[in-house]
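# Overview (structure and organization)
The chain contents come next:
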There are 2 protein chains.
Amino acid sequence: MVHGQGQRPSLLMAPLPLVAPRGAAVAVAIDVLRASSTAVVAHGRGAHRVLVASSLREARRLRRTFADHLLAGERGGLPPPGFDLGNSPWQALAADLRGRGLVLTTSNGTRLLRRLAHLPVVLVGCLLNRRAVATVAAAQARALGLPVALVCAGEAGGRELALEDVIGAGAIVETLLELGHPLEPDEWARLALLAFEAARRDLPSALAATRHGRQLAALGLGDDVAYCARLDEWEVVPRLERGAEGLLALRPCPLPPAR
Amino acid sequence: MVHGQGQRPSLLMAPLPLVAPRGAAVAVAIDVLRASSTAVVAHGRGAHRVLVASSLREARRLRRTFADHLLAGERGGLPPPGFDLGNSPWQALAADLRGRGLVLTTSNGTRLLRRLAHLPVVLVGCLLNRRAVATVAAAQARALGLPVALVCAGEAGGRELALEDVIGAGAIVETLLELGHPLEPDEWARLALLAFEAARRDLPSALAATRHGRQLAALGLGDDVAYCARLDEWEVVPRLERGAEGLLALRPCPLPPAR
């Protein structure tokens, strides 16, 4: 990357996983519709961990191994046969997950986490937890002396833009710039912030107007889209952990003390 | 490209030249700071054509061949030795170009035009001529049955985002969606529109805050940045023509009759 005079950007935004930064960073994985939102609500409803499965086969195998886990996810937007829940924050909200875990497999969000798993810190962000995730990301970036990298999941295996992810990234940028530890945003982060500033007038409508939002509404999943548009609903930050045999798990990350 | 159900997008936006659509399209080349803006003002001030030169050597050769042409352009933001003008709409505004031509060479805008030159229609757009260029692009797309593709020049040889180009693209999207012939925007075009909606509250400040805007201000070229932020200032649309020996020239394109 070539940069002009001035500070080197310390707040990077990648609209697609393919252009995610290659260097070390505190990463925030953003899949607003719906994997990030489902993980946040699952932790909010008490789940002690969310196991991230790449395939239906792996998801079903993990479900058999961990009998107290529910099986959640989607292919083509809908829960596969035998699943307990869709990739649905709205359904997760109605579930009592205290003392339980979740196995989650989704089209794009899971792939994104696997792609980022080599980074020192990977957090999960969306509109629902934007202030909390921004606060944790800023604290981690300061402690480690690393930039923050917001990485959008996109669609079609991460090859295509998902506008709702950029809106979510812009929301997180807003809070990061408001925090005491100033970060220098790159051009993509500035673009995301502008998109969020326009969309925030009516976030439910903005999410419903995205391609993915329209697809989910056509599947009868408009409640999920509307719920994912809520800002700062949960003080919950899922953090990626790499376990034995490459197992990827999200666990709730403690929030730094309020300033 | 994979698209969900519904209409296939007919209004495409590429934030960088590398992701410009490969199929036939009515293209609008967008380099707000400053090549597109300079070309628009040059035509507005009477220039009958703008010859697009890829290198300083080619630019100087063309200048010698066409004695009534002025030599304009930049490297690193500033006019090279012996040039009559910078790549500067502000300077072009003060020049009387009636009956004259311009030879223009710039870091990124020229490369973008060369990359798009195989397409059936290539127009030059920016904030200064956004309503005019949107009107011509819509009419051409309708006549030819082609999508409209807005392609941003970017920076660093087109490898990096230039936020001002996305803002300019969003301004053009706004007018395209207002015209009678409805175009279906892709996710990038929707993102650009959101960015423009937020930036339009204060376009001079939005352009001044971009990386390129800050670089130009540091070179003492803030007047150019402020001028490029004017919306719908000129009813002028440069169109690319391919001449003998691969010579690329911009000529003013007639506007369709007012509806």
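A brief report on the enclosed structure follows. Every value quoted in this text rests on a predicted model; they were computed, and no experiment measured them.

### Thoughts on the overall build of chain A
Scanning chain A from N- to C-terminus turns up 10 helices and nine strands. Radius of gyration (C-alpha) of chain A: 17 Å, near the 18 Å computed for a compact globule of 259 residues. Here the C-alpha coordinates of chain A stretch approximately 55 × 40 × 35 Å along the principal axes. Within chain A, buried positions represent 60% of all 259 residues. Considering only contacts within chain A whose residues lie at least 6 apart along the sequence, 76% involve residues at least 24 apart. On chain A, roughly 10,100 Å² of surface is accessible, and the fraction owed to carbon and sulfur atoms is 53%. Measuring between centres, the 30 positive side-chain charges of chain A sit 6 Å from its 24 negative side-chain charges.

### Re the interface of chain B and chain A
Taken together, the 33 residues of chain B in the interface contact 33 residues of chain A. When the two sides are added together, the surface that chain B and chain A hide from each other amounts to roughly 2,600 Å², 60% of it contributed by carbon and sulfur. Between the two partners, chain B and chain A, sit four salt bridges. For B:E184, the salt bridge is made with A:R214, and the minimal N-O distance between the two is 3.9 Å. Where chain B meets chain A, there are six residue pairs in polar contact (both at pLDDT 80 or more). Of all the secondary structure elements, the ones that give two or more residues to the side of chain B that touches chain A are α6 (163–178), α7 (187–199) and α9 (211–218) of chain B. Here the residues of the side of chain B that touches chain A sort into 18 nonpolar, five polar and 10 charged.

### Section: the relation of the copies chain B and chain A
If you rotate chain B by 180 degrees and push it 0.0 Å along the axis, it lands on chain A with an RMSD of 0.0 Å. Classification of the inter-copy transformation places it as that of a two-fold axis. Most of the interface of chain B is mirrored in chain A, where 100% of its interface residues again form contacts.

### Topic: the packing of aromatic side chains
Following the criterion strictly, the structure yields three aromatic pairs over all chains and no others. Centroid distance A:W90 to A:Y227: 5.9 Å. Interplanar angle 55 degrees. Geometry classified as tilted. Of the two residues, A:W90 is situated in helix α3 (residues 89–94) and A:Y227 in helix α10 (residues 222–228); the sequence distance between them amounts to 137 residues. With relative accessibility at 38%, the residue A:W90 sits in the partly exposed group. A:Y227 gets classed as buried once you look at its relative accessible area, which sits at 2%. Aromatic side chains A:W188 and B:W188 sit 6.1 Å apart centroid to centroid with 55 degrees between the ring planes, which places their arrangement in the tilted category. Taken together, the residues span two chains, with A:W188 in helix α7 (residues 187–199) and B:W188 in helix α7. Take A:W188 and B:W188: they sit in the same class, and that class is buried.

### A look at the pattern of salt bridges
Within this structure, the stated rule accounts for 28 salt bridges over all chains. Across the pair A:R211 and A:E160 runs a salt bridge, and its minimum N-O distance is 2.8 Å. Linking A:R211 in helix α9 (residues 211–218) with A:E160 in the loop between β7 (148–152) and α6 (163–178), this pair joins segments that are 51 residues apart in sequence. Residue classification places A:R211 among the buried positions, given a relative accessible area of 10%. Put simply, B:R211 and B:E155 hold a salt bridge, and the shortest N to O gap is 3.5 Å. Of this pair, B:R211 sits in helix α9 while B:E155 sits in the loop between β7 (148–152) and α6; the two residues are 56 residues apart in sequence, bridging distant segments of the chain. In terms of burial, B:R211 and B:E155 fall into one category: buried. Each of the salt bridges in this network shares a partner with another, and the network as a whole consists of A:R130, A:E174, A:R200 and A:D232.

### Overview of the environment of A:L177
All names here are of chain A. Of note, L177 is situated in helix α6. Spatially, the C-alpha atom of L177 lies 9.2 Å from that of L11, the residues being 166 residues apart in sequence. What L177 contacts, discounting residues up to four positions off in sequence, is L11, L183, P185 and L193.

### A few points about unusual backbone geometry
In this structure, A:R34 follows A:L33 across a cis peptide bond, with omega equal to 10 degrees. Its place among the elements puts A:R34 in the loop between β2 (26–30) and α1 (35–44). Phi is positive for B:A156, which is not a glycine, with a value near 55 degrees. Using a relative accessible area of 24% as the deciding quantity, one classes B:A156 as partly exposed.

### Thoughts on helix α4 (residues 109–116) of chain A
Residues of α4(A) that are buried include every one of A:G109, A:T110, A:L112, A:L113 and A:L116, and no others. The arc that holds every buried residue of α4(A), seen down its axis, measures 160 degrees, which confines them to one face.

### Considering the pairing of strand β3 (residues 49–52) of chain A
Residue and element names in this part refer to chain A. The side-chain alternation of β3 yields two buried faces, one formed by R49 and L51 and the other by V50 and V52. As judged from the four bridges shared by β3 and strand β5 (residues 101–105), these two strands associate in the parallel manner. From the neighbouring strand, V52 faces β5, where its bridge partner is L104. Bridge count for β3 against strand β9 (residues 248–252) is three bridges, and the pairing is antiparallel. Counted as the bridge partner of L51 is A249 from β9.

### As for the side chain of A:S36
Residues and elements named next belong to chain A. Mapped onto the elements, S36 comes out in helix α1. Given a relative accessible area of 4%, S36 falls into the buried group. From its side chain, S36 meets the backbone oxygen of A29 in a polar contact 3.4 Å long. Beyond its immediate chain neighbours, meaning those up to four positions away, S36 contacts A29, I30, D31, V124, G125 and C126.

### Describing the pairing of strand β8 (residues 238–242) of chain B
Residues and elements named next belong to chain B. Note: β8 against strand β9 (residues 248–252), five bridges, orientation antiparallel. In the strand pairing of β9, L240 is matched with L250. The hairpin turn running from β8 into β9, its antiparallel successor, is five residues long, and E245 in that turn takes a positive phi close to 55 degrees.

### Observations concerning the packing of α6(B) against α7(B)
Residues and elements named next belong to chain B. Orientation of α6 relative to α7, taken along the N-to-C sense of each, is 100 degrees, at an axis distance of 7 Å. One way to sum up the angle between α6 and α7 is to call them roughly perpendicular. Residues V166, I167, A169, G170, A171, V173, E174 and L177 of α6 lie in contact with α7, whose contacting residues are A189, A192, L193, A195, F196 and A199.

Parameters and conventions
- Every chain is numbered on its own, with residues counted from 1 as its sequence reads.
- Written order determines the labels here, with chains lettered from A and ligands numbered from 1.
- Since the coordinates come from a predicted model, pLDDT governs what is reported: local features require at least 70, and pairs of side-chain atoms require 80 or more to be given and counted, while whole-chain, interface and lining totals use all residues.
- Where side-chain values are given, they derive from all heavy atoms of the structure, hydrogens and water being excluded.
- Only DSSP runs of H or I with at least four residues qualify as helices, and only runs of E with at least two residues qualify as strands; both kinds are numbered from the N terminus onward.
- Atoms counted for the radius of gyration: C-alpha only. Globule rule: 2.2 Å times residue count to the power 0.38.
- Burial status follows relative accessibility: with a 1.4 Å probe on protein chains alone, a residue under 20% of its type maximum counts as buried, one over 50% as exposed, and anything between as partly exposed.
- Contact definition: two residues touch when any of their heavy atoms are within 4.5 Å.
- Accessible surface area values rest on a Shrake-Rupley calculation with a 1.4 Å probe, where residue burial reflects the displayed protein chains alone.
- For the charge count, each Lys or Arg is scored as positive and each Asp or Glu as negative, with His and the chain ends excluded.
- Throughout, a charge is located at the NZ atom of Lys, the CZ atom of Arg, the CG atom of Asp or the CD atom of Glu.
- Here the quantity called buried area is the accessible surface, traced with a 1.4 Å probe, that two parts lose on coming together, added over both.
- Think of a salt bridge as a Lys or Arg side-chain nitrogen and an Asp or Glu carboxyl oxygen that are within 4 Å of each other.
- The definition of a polar contact used here is a pair of N or O atoms within 3.5 Å, where within protein one atom must be able to donate a hydrogen and the other to accept one, and adjacent residues in sequence count solely through side-chain atom pairs.
- Side-chain classes follow a simple rule in which Ala, Val, Leu, Ile, Met, Phe, Trp, Tyr, Cys and Pro form the nonpolar group, Asp, Glu, Lys and Arg form the charged group, and the remainder, Gly included, forms the polar group.
- The copies were overlaid by least squares, fitting only the C-alpha atoms of residues that reach a pLDDT of 70 or more in each copy.
- Each aromatic pair joins two rings of Phe, Tyr and Trp (for Trp, the six-membered one) with centres within 6.5 Å, and gets the label stacked for planes under 30 degrees apart, edge-to-face for over 60, and tilted for any other angle.
- By definition, the arc is the one covered by directions from the helix axis to the C-beta atoms.
- Strand pairing requires that DSSP identify at least two bridges connecting the strands.
- Angles here are taken between N-to-C directions and fall from 0 to 180 degrees, while the axes themselves are lines fitted to C-alpha atoms, restricted in helices to the stretch in contact.
- Working definition: roughly parallel below 35 degrees, roughly antiparallel above 145 degrees, roughly perpendicular at 65 to 115 degrees, and oblique for all remaining angles.

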